[in-house]
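A structural walkthrough
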Amino acid sequence: MSTRAQKIARLRNKEYRDAFVGSQINVGLPFQIRALREQRQWKQSQLAEKTGMLQPRISAIEAPGGAKFTIETLRRLASAFDVALVVRFAPFSELADQSEGFNPDTFQVPSFEDDLRLIEKKESTSATTTNVPMMSYTSRETAQTQYRCGSSPATNSRILMFPVGQLVSPVSYERVVGGRL
Amino acid sequence: MIRFLDFVSAAGNNQITEWYCRQPVDCRVMFDDLLDILAKKAEWGYPEFKNLGNGLGEIRWKFGKVQHRIVGCDWKSPPGYLLLMGCTHKQEIYSPPGAIDTADKRRRGLLFERKGSVREHTSPEDCAPTQ
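Residues numbered from 1 in each chain as written. Chains lettered and ligands numbered in written order. Predicted model: local features only at pLDDT ≥ 70, side-chain atom pairs only at ≥ 80, totals over all residues.

1. With respect to the interface of chain A and chain B
Listed by partner, the interface residues are 26 residues for chain A and 23 residues for chain B. Secondary-structure elements contributing two or more residues to the side of chain A that touches chain B are helix 1 (4-10) and helix 2 (14-39) of chain A. It is helix 2 of chain A that contributes the most residues to the side of chain A that touches chain B, 11 residues altogether. Class assignment of the residues belonging to the side of chain A that touches chain B gives a composition of 11 nonpolar, 11 polar and 4 charged. (Contact = placed C-beta atoms within 7 Å. Helix = DSSP H or I, 4+ residues; strand = E, 2+ residues; numbered from the N terminus. Nonpolar A, V, L, I, M, F, W, Y, C, P; charged D, E, K, R; others polar.)

2. Structural notes on the packing of helix 2 of chain A against helix 2 (residues 25-40) of chain B
Interhelical geometry of helix 2 of chain A versus helix 2 of chain B gives an angle of 45° and a closest axis separation of 8 Å. With respect to helix 2 of chain B, the element helix 2 of chain A is oriented oblique. Helix 2 of chain B is crossed by helix 2 of chain A, and the crossing has right-handed handedness. Only B:Val25, B:Asp26, B:Val29, B:Met30, B:Asp33, B:Leu34 and B:Ile37 of helix 2 of chain B make contact with helix 2 of chain A, whose side of the interface consists of A:Glu15, A:Tyr16, A:Ala19, A:Phe20, A:Gly22, A:Ser23, A:Gln24, A:Asn26, A:Val27, A:Gly28 and A:Phe31. When grouped by side-chain class, the residues that make up the contact of helix 2 of chain A with helix 2 of chain B number 10 nonpolar, 5 polar and 3 charged. (Axes fitted to C-alpha atoms, helices over the stretch in contact; angles between N-to-C directions. Parallel < 35°, antiparallel > 145°, perpendicular 65-115°, else oblique. Left-handed = near helix turned anticlockwise from the far one by under 90°.)

3. Some details on unusual backbone geometry
All names here are of chain B. Following Tyr46, the chain continues into Pro47 via a peptide bond in cis, with omega recorded as 10°. Along the polypeptide, Pro47 turns up in the loop between helix 2 and strand 2 (49-53). Cis rather than trans, the peptide bond between Ser95 and Pro96 has omega equal to 5°. In this fold, Pro96 is placed in the loop between strand 6 (93-95) and helix 3 (99-113). Its identity is not glycine, yet Gln91 carries a phi of approximately 45°, on the positive side. Take Gln91: it is sitting in the loop between strand 5 (80-90) and strand 6. Phi is positive for Glu92, which is not a glycine, with a value near 70°. With respect to the helices and strands, the residue Glu92 is situated in the loop between strand 5 and strand 6. Judged by the 5 C-beta atoms lying within 10 Å of it, Glu92 falls in the exposed class. (Buried ≥ 20, exposed ≤ 12 C-beta atoms within 10 Å, placed from the backbone.)

4. A few points about the nonpolar core
Proteins that are soluble and globular tend to have nonpolar side chains buried together. Ranked by size, the top nonpolar core spans 48 residues in total, and within it B:Met30, B:Leu34, B:Val71, B:Leu82, B:Leu83, B:Leu84 and B:Ala99 carry the most contacts. Sequence-distant contacts of B:Met30, defined by excluding residues within four places in its chain, comprise A:Ser23, A:Asn26, A:Val27, A:Pro64, A:Gly65, B:Trp61 and B:Phe63. (Core = buried A, V, L, I, M, F, W, Y, C linked by C-beta atoms within 7 Å.)

5. Some remarks on the pairing of strand 1 (residues 4-8) of chain B
Residues and elements named next belong to chain B. Of all 5 residues in strand 1, 4 are buried; the element is thus mostly enclosed. Sheet topology places strand 1 next to strand 7 (residues 117-120); 4 bridges connect them, and they run antiparallel. Residue pairing across strands places Val8 opposite Ser117, the latter belonging to strand 7. (Pairing = 2+ DSSP bridges.)

6. Describing helix 3 of chain B
Residues and elements named next belong to chain B. For helix 3, with 15 residues, the first-to-last C-alpha span of 20 Å sits near the 21 Å given by 1.5 Å per residue. All of the buried residues in helix 3 are Ala99, Ile100, Ala103, Arg106, Arg107 and Leu110. Down the axis of helix 3, the buried set is contained in an arc of 125°. They therefore lie on one face. Exposed residues on helix 3 whose side chains face more than 90 degrees from its buried face are Asp101, Arg108, Phe112 and Glu113. Downstream of helix 3 by one or two residues, Arg114 has phi in the positive range, about 55°. (Expected span 1.5 Å × (residues − 1). Arc of directions from axis to C-beta.)

7. Focus on the confidence of the model for chain B
The share of residues in chain B with pLDDT of 70 or more is 97%, and the mean pLDDT across the chain is 93. For chain B, strand 6 of chain B is the element with the lowest average pLDDT, namely 93, and strand 1 of chain B is the one with the highest, namely 98. (pLDDT = per-residue confidence, 0-100.)

Take a look at the structure:
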């Protein structure tokens with residue numbers, strides 16, 4: 001087990017950084033997928049049916065390092081769970097924080113229906129407590145912001161299943177080490 | 001949070017650190033991340049963990065085309081999960097051969113003969129490059 005300080009120290013090594021990105025996909029994603037399936041109380045065979053895959057494939061997907069993920073596979077899984085899929089480049093500090101904070105026992109992503117109920121509840125609460133007009137971003141605006149921020153060649157990717165995306169400008173590892181880390 | 005412990009031989013060699021440093025960096029990072037997740041997980045089960053019986057269990061992951069295993073057991077003092085032996089597994093055969101027996105001998109040696117010791121697990125930062 002490594003502490004955050006140890007992880008940050010290792011991130012100074014480029015080989016480790018590259019491996020860390022891979023590991024977050026190969027180890028982190030299987031736990032996310034299993035947590036989402038169990039949250040919905042589905043069997044592997046039910047998820048297989050919803051994704052158009054075979055049950056042994058789902059079994060492999062849920063094992064650490066058991067499957068190679070493609071964006072298409074993740075898109076199908078996200079569709080089955082009815083959640084969004086965020087694929088974007090991010091600074092290592094964010095990936096380290098995400099890794100540190102991830103707990104498969106508490107990881108939850110609400111499906112669209114549940115997410116919508118939460119949004120509507122939040123909106124009605126905000127409308128009654130404040131006179132400030134609410135701002136909402138369309139998916140097109142969100143996508144444009146994301147692409148504008150994603151032009152740095154020295155950024156690193158992460159994949160996460162998310163109900164609502166939160167945008168952070170990608171920052172290179174060197175800049176982060178000089179600053180926040 | 002579950003604490004991980006390493007088996008240290010009577011000669012003072014940390015067998016887990018030595019195994020760790022022999023692995024390619026990608027495999028090491030997967031192992032680190034897997035332990036980070038398991039430390040927070042209340043219940044371990046298939047596919048990342050398998051009970052081998054006789055008090056032993058194995059933490060499982062795949063890197064490349066190789067199934068990796070760390071054989072271990074629950075430990076009382078200090079409390080935690082003791083990592084006894086790193087190995088690979090292919091078609092019911094462990095490598096190095098007799099890995100499970102070795103892990104069991106280490107556990108029994110610690111329990112009944114005070115042979116060796118345990119140390120809190122930390123992944124070393126100064127492994128020599130393997131690739």
